[in-house]
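Notes for the structure review
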Amino acid sequence: MVAPVPEPTPLSLPPALMSAADRERARDARGFMPEAEGLLLHRAALAAAARGPMLEIGGYCGKSAIYLGCAARERDGVLFSVDHHRGSEENQPGQLYCDPEVVDPRSGRLDSLPHFRRTLEAAALEEWVIAIVGTSTLVSAHWRTALSLLFIDGGHTEEAAEADYAGFGRHLDSGGLLAIHDVFPDPADGGQAPYHVYLRALDDGLHEVAATGSMRVLRR
Ligand code: SAH
Ligand code: MG
């Protein structure tokens, strides 16, 4: 009898490997990510991190970087965290998602970088998480390194989200994972730009691996 042609193995994500203390630090960190979504991100990173560097757009105060960084530490990997640390539109002083404690009193401008550093220091993740302070389009224009995982959680305008996907998505390795946050198929639940990026990625041939809340994980 001829052996059946093996099916491509579905990528089932490994179980989370985070201590109770790290999970608590992530929960307590300032930011915008429910724990269930963070743990899915962490599991995706566990699956990817040994294959090459990972990159996130939208580090903010380091919450998602804990979930990703714990996986990098576990797998001897590394996370590049890109953010200009001046906040998105909705984080600006006077806007709905502005945290006054993230405003630099000296300049009156948003500055999440000191918070990001403190979060990563407290989690003992400085060796595995490298902050890149700059605008994502400027960083992506100079980026040349293949990525095992790309996490898009930066600006939520159509231009910003599309540019992040176009600029860094092309560096995602074959088999690499794309995670997208704030994907809301129903416009009543939130802005549509991340959802459009998700649709574009599916259209480009990536396939969905897992989803929780507004987090989507796709594989190239
Ligand atoms: N991942 C974070 C939340 C990110 S909030 C968490 O887990 O809590 C979105 C972040 O994207 C903000 O910090 C903002 O400064 C950053 N951002 C928005 N547009 C950007 C751009 N064009 N380049 C770099 N960073 C950007
Ligand atoms: Mg988000």
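As shown above, the structure is provided for reference.
Remember, it's a predicted structure, so these values are computed and weren't measured experimentally.

With that out of the way, let us pick up the nonpolar core. Judged by nonpolar contacts, the single largest core of 35 residues is most densely connected at Ile66, Leu125, Leu149 and Phe151. Elements with a contribution of two residues or more to this core: helix 2 (35–48), helix 3 (63–75), helix 4 (113–122), strand 4 (147–152), strand 5 (172–180) and strand 7 (215–219). Aside from chain neighbours lying at most four places away, what touches Leu125 is Ala65, Ile66, Gly69, Cys70, Arg73 and Leu120. One finds Ile57, Leu178, Ile180 and Leu206 within the second-largest nonpolar core, a separate group that totals 23 residues.

This part covers the packing of aromatic side chains. If you walk through the whole model with that rule in mind, you get five aromatic pairs. Between Phe32 and Tyr97, the aromatic rings sit 6.0 Å apart at their centres with planes inclined by 90°, giving edge-to-face as the arrangement. A residue pair is termed long-range when its members are at least 10 positions apart, and Phe32 in the loop between helix 1 (20–28) and helix 2 and Tyr97 in the loop between strand 2 (79–83) and helix 4 qualify at 65 residues. What makes Tyr97 partly exposed here is its relative accessible area of 45%. Through successive ring pairs, a cluster of aromatic residues spans Phe32, Tyr60 and Tyr97. Across the ring face of Trp128, the terminal group of Arg73 is positioned such that the distance to the ring centre comes to 5.9 Å. If you follow Arg216 out to its NZ or CZ, it ends over the ring of Tyr198, 5.8 Å from the centre.

Quick look at the site of ligand 1 now. Taken together, 18 residues are adjacent to ligand 1, and Gly58, Ser64, Asp83, Ser136 and Asp153 come closest. Within the backbone of Ser136, one N or O atom sits 2.8 Å away from a nitrogen atom of ligand 1. For ligand 1, a nitrogen atom lies 3.3 Å from a polar atom in the backbone of Gly155. Taken atom by atom, the bulk of ligand 1 overlaps the largest pocket.

Quick look at empty space enclosed by the protein now. It is a probe the size of a water molecule, rolled over the atoms, that shows where empty space is left. Taken as a whole, this structure holds one cavity of 30 Å³ or more when the rule is applied. For the largest cavity, the calculated volume is near 30 Å³. Lining the largest cavity, in full, are Ile152, Asp153, Gly154, Gly155, His156, Ala161, Ile180, His181, Pro194 and Val197. Looking at the lining of the largest cavity residue by residue, the class counts come to five nonpolar, four polar and one charged.

So, on to the environment of Glu158. For Glu158, the position within the fold is in helix 6 (residues 158–169). Through-space distance from the C-alpha of Glu158 to that of His196 is 8.1 Å; in sequence the pair is 38 residues apart. Excluding residues that lie within four positions of it along the chain, Glu158 makes contacts with Gln192, Ala193 and His196. Here the side chain of Glu158 touches His196 through a polar contact of 2.7 Å, side chain to side chain.

Parameters and conventions
- Residues numbered from 1 in each chain as written.
- Chains lettered and ligands numbered in written order.
- Predicted model: local features only at pLDDT ≥ 70, side-chain atom pairs only at ≥ 80, totals over all residues.
- Heavy atoms only, no water.
- Core = buried A, V, L, I, M, F, W, Y, C linked by side-chain atoms within 4.5 Å.
- Buried < 20%, exposed > 50% of the residue type's maximum accessible area, 1.4 Å probe, protein only.
- Helix = DSSP H or I, 4+ residues; strand = E, 2+ residues; numbered from the N terminus.
- Contact = heavy atoms within 4.5 Å.
- Phe/Tyr/Trp six-rings, centres within 6.5 Å; stacked < 30°, edge-to-face > 60°.
- Lys NZ or Arg CZ within 6 Å of the ring centre and 35° of its normal.
- Near = heavy atom within 4 Å.
- Polar contact = N/O pair within 3.5 Å; in protein donor to acceptor, adjacent residues only side chain to side chain.
- 1 Å grid on protein atoms, 1.4 Å probe; cavity = no way out; pocket = protein on both sides within 12 Å on 5 of 7 lines; lining within 4 Å.
- Sits in = over half its atoms within 2 Å of the grid points.
- Points joined across faces, edges and corners; volume = space filled by probe spheres on them.
- Nonpolar A, V, L, I, M, F, W, Y, C, P; charged D, E, K, R; others polar.

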